[in-house]
Amino acid sequence: MKTGAKKYYHWVIAVIVFLEMIVYGGLINSIGIYTVPITEELGVGRGAYTVAGIPYGLFSLVSTLLTGALLPKLGYKRLTVISLIITSAGYVSIGLAPGLVGHAIGRGFIGLGYGMCFTAGSVWIIKKWFHKHLGLVIGIISMASGLGGSLMTIILTRLMVSFGWRTAVLIGSLLPIAVSLLYLLVYNTPEDIDLKPYGMGQMTTKQLRKENLWVGQTLQELYKNPLFYIMCFATLLSNMCVYTTSAVINPHFQDNGYSQTAAANYDSVLMLTLACFKLLMGWVSDRFGAKPVAILCLTFSAVGQWMLSNVSDPTLSYVAVVMFSIGLCLTTVAIPLIALPLFGTRGSTEINGIVIGMVSLASLITPPICNFIYDKIGTYSPSFKVASVLEVFLIGIYFVMFAMAKKDRQKELDAQK
C-alpha cells in the first residue's frame, strides 16, 4: 500500500464498519415488520412469539459481555466475519422454519452475532483507529443502524407484501454474507500497517475536555464503586423504557387501524430520523460533553412515548415518532459516550462490554413483558405511559451519576498533585 494512500486508511475502516452497521443494524431494527404476518400464519399469540425471541436477547447479552475478553485476543476482523456468517444462518433458519422452534434457533444465531456486529464491536474498533473526533465518528457509525433500519423496513416490507414474509427474510439473509467480503480490507489496529490512531497527539487542550482526561479506576476497583452499579441499573432501566416502544411500534400502528405499508412508513421515519440524531448526539458530545446527550435522550423519549400512546392523529404521530427517535439514541451512541466521562479512559474501556450488555439484557426482558401485557389487555398504550413516567425519574438518576463521577475525577486529580 502506498504511503500517501495509507495515511487515510482510518476512513476506510470507518466506511466498512458503517456499511456493516447498515446491514446488521438494519436487519435487526426492522424485525418488527414480521410480527403480524408470522403470528397470523403460525396461529400464535404475540406473547408466545416474543418468547421465541428470548434466545436472541440471551445470546446478545452473552456475546456482548464476551467482547471485552475476545476482541483483544482474536481480533475484530476474524470475529466479525464469523458473526456475520452466523447471522446469515439465523435468518435462513427463520425463513424456513415451520414453527416457533426454528424461529427461536434463528433468533439465537442472530444474537450470537450481536456483540461483534453491533455497538460493542464497532465502538471497540473505532476507539482503536480514532482519537480525534471520537464522539462524532461513533455517532456516524451508530447512525448507520438507524439508516439501515429505515431502508430495510421499506425494502423488506415491499418484498413481504409482494412475495410473502419468508421470501423477504431469505433475501435479507444474503446481505451479511455480502458485507463480510469487505472485511478482507480490515486491519484490527492502525499499528498493523504502521499507522497511529487518527488525531493521536494532535488535539489541543481545548479539544480534550477536562472530564475525559482522567484515567479512571481499574475493573477491580470499579466493582467496589457504587457508581458502577448505579450506571448498570440506569442503563438497564432506561433501555427497558425505550424498548417498551421501539420493539412494538410497527404492530402498535397496525393495531390502531394503520395498514402494513403505513405502519412501515412510521417505522422507517423513526429509523431515518434516529440516524440523523445519532450523528447530532455525537457532535453534541464532542462540543458540550456527554451529560447533555443523556438528558436530551431521556427527555425526548419520555415526551415521544407519551404522545405515541395515542396515534389517532397521523400528523401528530409523525411528530411523536421524530421526538422518540432522539430517545432511541440511548440504545447505541449514548451509552459509550456517557461511560467515558463517568469512568475515565481506562475504566470506560474495561466496562464497555458490561454496560452495553445491559442494553442487550433490556432487549431480552422488555418485549415479552410488553407482549404478554398486550395479550391481556389488547393494547400497548399503557406500557408506553409507564415507560414515559419512569424516564422522568431516570433523569434525576443521571444527574446523580455525573455528580458522583465529578467527585471521583477530582480525587484522581488531587492525588496527582
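To start, this report covers the structure provided alongside it. (Residues numbered from 1 in each chain as written. Predicted model: local features only at pLDDT ≥ 70, side-chain atom pairs only at ≥ 80, totals over all residues. Heavy atoms only, no water.)

**Considerations on the nonpolar core**
If you look at the biggest cluster of nonpolar residues, it comprises 118 residues, and the most contacted ones within it are Tyr34, Phe253, Leu308, Ile338, Phe343 and Tyr398. Looking at this core, the element that brings in the most residues is helix H2 (residues 9–29), giving 12 residues. (Core = buried A, V, L, I, M, F, W, Y, C linked by side-chain atoms within 4.5 Å. Buried < 20%, exposed > 50% of the residue type's maximum accessible area, 1.4 Å probe, protein only. Helix = DSSP H or I, 4+ residues; strand = E, 2+ residues; numbered from the N terminus.)

**Some points on the pattern of salt bridges**
Charged atoms that come close allow side chains of opposite charge to pair. As enumerated under the stated definition, the model contains 2 salt bridges in all. Here Glu41 makes a salt bridge to Arg166, at a shortest N to O gap of 3.0 Å. You can see Glu41 sitting in helix H3 (residues 35–42) and its partner Arg166 sitting in helix H10 (residues 165–180), a full 125 residues away along the chain. Linking Asp255 and Arg46 is a salt bridge whose minimum nitrogen-to-oxygen distance equals 2.8 Å. Placement of Asp255 in helix H13 (residues 249–255) and of Arg46 in helix H4 (residues 46–51) is noted, with a sequence separation of 209 residues between them. Residue classification places Asp255 among the partly exposed residues on the basis of a relative accessible area of 32%. (Salt bridge = Lys/Arg side-chain N within 4 Å of Asp/Glu carboxyl O.)

**Here's the deal with the packing of H2 against helix H8 (residues 119–129)**
Following both chains from N to C, one finds H2 and H8 inclined at 170°, their axes separated by 10 Å at the closest point. Classified by the angle their axes make, H2 and H8 are roughly antiparallel. Contacts between H2 and H8 involve Tyr9, His10, Ile13, Ala14, Val17 and Met21 from the former and Ser122, Ile125, Ile126 and Trp129 from the latter. (Axes fitted to C-alpha atoms, helices over the stretch in contact; angles between N-to-C directions. Parallel < 35°, antiparallel > 145°, perpendicular 65-115°, else oblique. Contact = heavy atoms within 4.5 Å.)

**What to know about the environment of Val62**
Tracing the backbone shows Val62 in helix H5 (residues 54–74). According to the relative accessible area criterion, Val62 is partly exposed, its value standing at 38%. Along the sequence, Val62 and Ile354 sit 292 residues apart, while their C-alpha atoms lie 9.7 Å from each other.

**Considering the side chain of Thr366**
Within the fold, Thr366 resides in helix H18 (residues 352–377). The class for Thr366 is buried, based on a relative accessible area of 2%. Thr366 has contacts with Met240, Tyr243 and Thr244, leaving out every residue within four places of it along the chain.

**As for the environment of Ala362**
By the element assignment, Ala362 lies in helix H18. Ala362 sits 57 residues away from Gln305 along the chain, and the two C-alpha atoms are 17 Å apart. Discounting chain neighbours no more than four positions away, the residues touching Ala362 are Leu236, Asn239, Met240, Tyr243 and Pro367.

**What about unusual backbone geometry?**
One non-glycine residue, Asp194, lies in positive phi territory at about 60°. With respect to the helices and strands, the residue Asp194 is situated in the loop between H10 and helix H11 (219–222).

**Some thoughts on H5**
What sets the pattern is the α-helix's 3.6 residues per turn: residues three or four places apart point alike. Its maximal kink placed at Thr67, H5 deviates by approximately 55°. Inspection of H5 places Tyr56, Gly57, Ser60, Leu61, Ser63, Thr64, Thr67 and Leu71 among the buried residues, and these make up the whole buried set. On its buried face, H5 is in contact with H2, helix H6 (76–96), helix H7 (100–117), H8 and H18. Looking one or two residues beyond H5, the residue adopting positive phi is Gly75, at roughly 90°. (Bend = angle between axes of the 7 residues up to and from the residue.)

**Some points on the packing of aromatic side chains**
The description of an aromatic ring pair uses the distance of the two centres, along with the angle that the planes make with each other. Using the criterion set out here, one finds 15 aromatic pairs in the structure. An angle of 50° between the planes, with centres 6.1 Å apart, marks the rings of Tyr24 and Phe118 as tilted. Of this pair, Tyr24 sits in helix H2 while Phe118 sits in the loop between H7 and H8, and the two are 94 residues apart along the sequence. Look at Phe118 and you get buried, because its relative accessible area is 4%. Aromatic side chains Tyr374 and Tyr380 sit 4.7 Å apart centroid to centroid with 25° between the ring planes, which places their arrangement in the stacked category. (Phe/Tyr/Trp six-rings, centres within 6.5 Å; stacked < 30°, edge-to-face > 60°.)

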